[in-house]
Structures are given as C-alpha cells and as structure tokens.
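Structural description and commentary
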Amino acid sequence: MSTQQLARSPLLMPALGRGVVTGIGKRPSADAPLPGTRLVLPAARIDAARVIRYARVCGFRETDPLPITYPHILGFPLAARLMGDRGFPLPLLGLVHTGIEIVQHRPLSPADRPELTVYAAGLRPHHRGTEAEIVTEARLHGEPVWSDRSTYLARHRTGRRTDVPKPADSPESADSPESADSPESADSPGPADSPEPREPLPVAARWDLGADLGRRHAAVSGDYNPIHLYPLTARLLGFRRAIAHGMWTFARCVAETGASSARNVTVRAEFRAPVLLPATVSYGRLGTDFELRGGRDGSRTHLRGRVTTNGDW
C-alpha cells in the first residue's frame, strides 16, 4: 500500500463537494478493488479553544483529556478526501455511517500533535448494498495511541430478499430517505443482521435537544451538511426536519461513560435511526451497554453501543 503524505489537513466541505462530483457514474460492488493508498498527516494541529467548544456541545467535561471522539473529527477530512477520490469504488453521495469502533490505548491531550493515517480496510456485502470500512489511526512518536474503524454503506440493489418483516426498532423503520448526501448524514440502516427487539436499558438521563443542535455541532466539527442545519434545507434532501449529526449522538453517549480518560478502552456503536430535531431522547445504560432512544414512547432506538476496558479509568 502506497503512502501519500499531506502538508495540511484538507478542507472538509470542499472534499465532500468533490466527492459528489467524482461519484457520478460509480457502480458500487463488494468485489470492486480499493485504492491502495494511505493518507498521512504527520503532525495534526489541535485547536484547544475549538476542543473546549466541542466538549461543551457534546457533553464532555472541559477538564478531561482530549474527548475520545475528537480524533475522528480531526481525521474525517482525510477520510472524505479518500472516499471522494475517483478510484474509491463507492459514490460519496448517499453514503450512510452505520457503525464505529474506537480503541484508545492512552488519552490524548490538546497539546499533542498526533500523526494521522487514514485508509480503506475493505468492502463487504450488506443486505442493502455494500459497506466500506475506513480506518483512522493516531500515533505519537511512532506509538499507536488511538484508532477508529467506521463503516459506511452505499445503498443499491443486491438481488437479496429485503421484503421480510422488520422489528419495530429495526434500522429500516427509521424516518430517513433512501439516501443522504454525506457519510455523516444519516444513521440508518445499521448492521446487516438486525437483532430482535429488546427491552430498553434503564434510563440514566434524558436530554432535550434544540432545533439548533445541528448548527452548533457543525460549528465545532466542520460538517455543515444541509440536513443538519434547518428544516428547509433538510426537506430539500428528503427529511421532514433537520437531524442531529450521528457523531453527536455517539459523542454525547460516550461522554457519559467517562471513557476519554481511560487507557486501553474500546467504544463501539451501531447507528440505527436519525434523531429529528427538536427532540427529547433518553440515554440508557446497563453495565457495559448503552443506547439512545426517542419517539413518543421511547420505542425508537437511535444508537446502541458498548464500552469495555482492561485499563485504568
């Protein structure tokens, strides 16, 4: 695999825009070849003031080390550039972020300047299309300190049966259109093998989410996808109202676990249904498992996750 070293981080929105153009005419397939390129940013600069604003929006304590989800924000412009390349087999337009797994070997600090590496690890068939696995790694002085494996789904016809009944809280029951306009946009349809409905986890917190949440998160993440900003811009792209960023729902739940200060911690989640704003959502927690639920009776599962560690909290 070849390495392309970058002098600076790409600008996110131009990278996404380029991906829309280069995606025209692509025909997704799990058998397609992946580009054998690693993008490397040798010393990523972390804006401490922006980190504080991000922590406030996502519920992290400002006295924490770097929020465990923040390197994803740092690395996503590189991921967007990679997925927006003409040689990437899936069209960027319509990609759906379906899952994420973060492994933190030790906490990072806003004063650190980690080396970031982003590459495509593989493609796999999904009952609704083809999923790509994108890996982001952070190193300090050559030592791996953090990694992120995210899956993104390109929806297309597969010839498989998809007309079987789905559970009430299955990904396909979400209020989302058949496609969205960037990988961070919608959080459905989740994994290929949807589990049976289960009892909600005990509610640990309830959060009232304002209509401006998408704009607030965009200001600290750089992701100004129109579906997160206003009802009008969201309706133009098929949503009834603006929706929360999937990475905000993940970050807000992870903030409650205290994982940012942990060593050798793994946090993973499946995105299952978007959160239409404004909304009231419930955060459930039991042991290592957590979830985010909404809907009038709490029957809609937006996210399910788990945090595990062998290290020190």
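Residues numbered from 1 in each chain as written. Predicted model: local features only at pLDDT ≥ 70, side-chain atom pairs only at ≥ 80, totals over all residues. Heavy atoms only, no water.

**Regarding empty space enclosed by the protein**
Enumeration over the complete set of coordinates arrives at two cavities of 30 Å³ or more. Considered as a void within the structure, the second largest cavity measures approximately 50 Å³ in volume. His72, Gly75, Phe76, Ala79, Ile134, Thr136, Asp148, Ser150 and Tyr152 are the residues that line the second largest cavity. Those elements that place two or more of their residues in the lining of the second largest cavity are α3 (70-83), β5 (129-140) and β6 (143-155). Counting residues per element, the lining of the second largest cavity draws most heavily on α3, at four residues. Residues that form the lining of the second largest cavity fall into these classes: four nonpolar, four polar and one charged. (1 Å grid on protein atoms, 1.4 Å probe; cavity = no way out; pocket = protein on both sides within 12 Å on 5 of 7 lines; lining within 4 Å. Points joined across faces, edges and corners; volume = space filled by probe spheres on them. Helix = DSSP H or I, 4+ residues; strand = E, 2+ residues; numbered from the N terminus. Nonpolar A, V, L, I, M, F, W, Y, C, P; charged D, E, K, R; others polar.)

**Notes on the pattern of salt bridges**
Within this structure, the stated rule accounts for 10 salt bridges. In this structure, the salt-bridge partner of arginine 56 is glutamate 62, at a minimum N-O distance of 2.8 Å. (Salt bridge = Lys/Arg side-chain N within 4 Å of Asp/Glu carboxyl O.)

**Describing the environment of alanine 43**
Its location among the elements puts alanine 43 in the loop between β2 (37-41) and α2 (48-58). Remark: the alpha-carbon pair of alanine 43 and serine 9, spanning 34 residues in sequence, is separated by 9.7 Å. Once residues lying within four places of it in the same chain are set aside, the contact partners of alanine 43 are Arg113 and Pro114. (Contact = heavy atoms within 4.5 Å.)

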